[in-house]
Amino acid sequence: MLRAGIVGLPNVGKSTLFNAVVANAKAAAANFPFCTIEPNVGVVAVPDERLNVLAKLSASKQIVPARIEFVDIAGLVKGASQGEGLGNQFLSHIREVDAIVHVVRCFENDDIIHVAGNVDPERDIEIINLELALADLAQVERRIERTRKQARTSKDAQVELLALEKLAAALNEGKQARGVSLTPEEAESIQALNLLTGKPIIYAANVSEDDLAAGNQWVERVRGIAAAQSAQVVVVSAQVESELVELPQEERADFLQSLGVEEGGLKSLIRATYELLGLRTFLTTGPEETRAWTIKAGMLAPQAAGVIHSDFERGFIRAETVAYRDLVGAGSMSAAREKGLLRSEGKDYLVQEGDVMLFRFNV
């Protein structure tokens, strides 16, 4: 399951946003630093309207959406890499996630204390990124000392040492590991380090309700920083998300429309995370269930089958495949087959977003 860690300075709205997007979560949200100490974890169903359509078409007994795990990690502060504010403990939690959602405060509110005294997205982002880079640098330098001895006799260690030296040079300049150019062999050699600044990042610009549609000057500053890092920005409002949770499902679309937006922060975050990590979704449907499955872009049919069960990949014969839109347009699987829309794909088939698949395999 995909894991996204929500990070940022204290009092930027992390736990409030977490509570809202994870409807069954109960993370504490209070107006003081380090309200969150242990990370709160919530599993969220990935919104996908296609599942309801297919379930109705197949008369499925149940719908099983894809899921994403959000981890609400306590607020970091300046000096976290040196242990300030329980920083070492919090940084270790970040190492365990697949992607980072960096919440940046882009709203004024005199009732919510900012740890630095005023709203300044550039400063806040710099503090977090610098602490992550310093933590990575300390780890890389320790690894260099060990690898340098091994490199005298090991070619693998020599490759790793080259990668580590490139990373150390960049991190010393306050740069991020994700921006360092490494060969495939070098990248593989340092993968186990799980570097904080090597993780894909999304900046979540947290705005007030009034600024959700148009943004504000602080959002534009965040966009500028993200563009320089080839990162993504999602404009969210923890305030709006909190209000959405209290509304019946059928009233949420109208509420968002009244604010001038089409979707809430959860959909935006999930879509951006999927794009960032290069993920795709294929679908299965039948009388028992309609289900969404998450795969990496570039997976072939046998690998996709293996996501369901390893036996499917080992004994793969073929994948009966139809595009979602073609299936819905035909009205049924049998009609799609009659129209020639249902294809028999082999081991070299590259699975596409929205493919509806039925795998044939030998036990």
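Shown above is the structure to which this text applies.
One structure accompanies this document, and this report is about it. Source: prediction; values computed, not measured.

Remarks on the overall build of the protein chain
Stage number 1. Within the protein chain, the secondary structure is distributed over 14 helices and 12 strands.
Stage number 2. Taken over 363 residues, the protein chain has a buried fraction of 48%.
Stage number 3. By sequence separation, contacts in the protein chain at least 24 residues apart represent 68% of the contacts at least 6 residues apart.
Stage number 4. For the protein chain, the accessible surface area stands at approximately 17800 Å², while carbon and sulfur atoms represent 49% of it.

Quick notes on the environment of R178
Stage number 1. Structurally, R178 can be placed in the loop between α5 (155-172) and α6 (184-189).
Stage number 2. Between the alpha carbons of R178 and L196 there is a distance of 9.1 Å; along the sequence they are 18 residues apart.
Stage number 3. Leave out the neighbours within four places in its chain, and R178 touches L196, T197, G198, K199, P200, I201 and Q229.

Describing the pattern of salt bridges
Stage number 1. All chains considered together, the criterion is met by 21 salt bridges.
Stage number 2. Note that R223 and E220 form a salt bridge whose closest N and O atoms lie 3.4 Å from each other. Of this pair, R223 and E220 both sit in helix α7 (residues 217-229), 3 residues apart, roughly one helical turn.
Stage number 3. By relative accessible area, R223 is classed as partly exposed at 37%.
Stage number 4. The partly exposed category is assigned to E220, whose relative accessible area is 46%.

Brief notes about the sheet that holds strand β7 (residues 232-236)
Stage number 1. On the basis of which strands lie adjacent, the open sheet formed by 6 strands has the order β2-β4-β1-β5-β6-β7 and mixed pairing. The strands lining the two open edges of the sheet, one partner per strand, are β2 (40-45) and β7. For this sheet, the mean angle separating the axes of adjacent strands, direction not counted, is 25°.
Stage number 2. Summarising the sheet, strand β6 (residues 201-206) and β7 pair through 5 bridges and their orientation is parallel. Across the sheet, the residue bridging to N206 is V236, located in β7.
Stage number 3. This element, helix α4 (residues 121-150), spans β5 (99-105) and β6 of the sheet and lies at about 145° to β5.

Criteria and cut-off values
- Residues numbered from 1 in each chain as written.
- Predicted model: local features only at pLDDT ≥ 70, side-chain atom pairs only at ≥ 80, totals over all residues.
- Heavy atoms only, no water.
- Helix = DSSP H or I, 4+ residues; strand = E, 2+ residues; numbered from the N terminus.
- Buried < 20%, exposed > 50% of the residue type's maximum accessible area, 1.4 Å probe, protein only.
- Contact = heavy atoms within 4.5 Å.
- Areas by Shrake-Rupley, 256 points an atom, 1.4 Å probe, with all protein chains shown as cover.
- Salt bridge = Lys/Arg side-chain N within 4 Å of Asp/Glu carboxyl O.
- Pairing = 2+ DSSP bridges.
- Axes fitted to C-alpha atoms, helices over the stretch in contact; angles between N-to-C directions.

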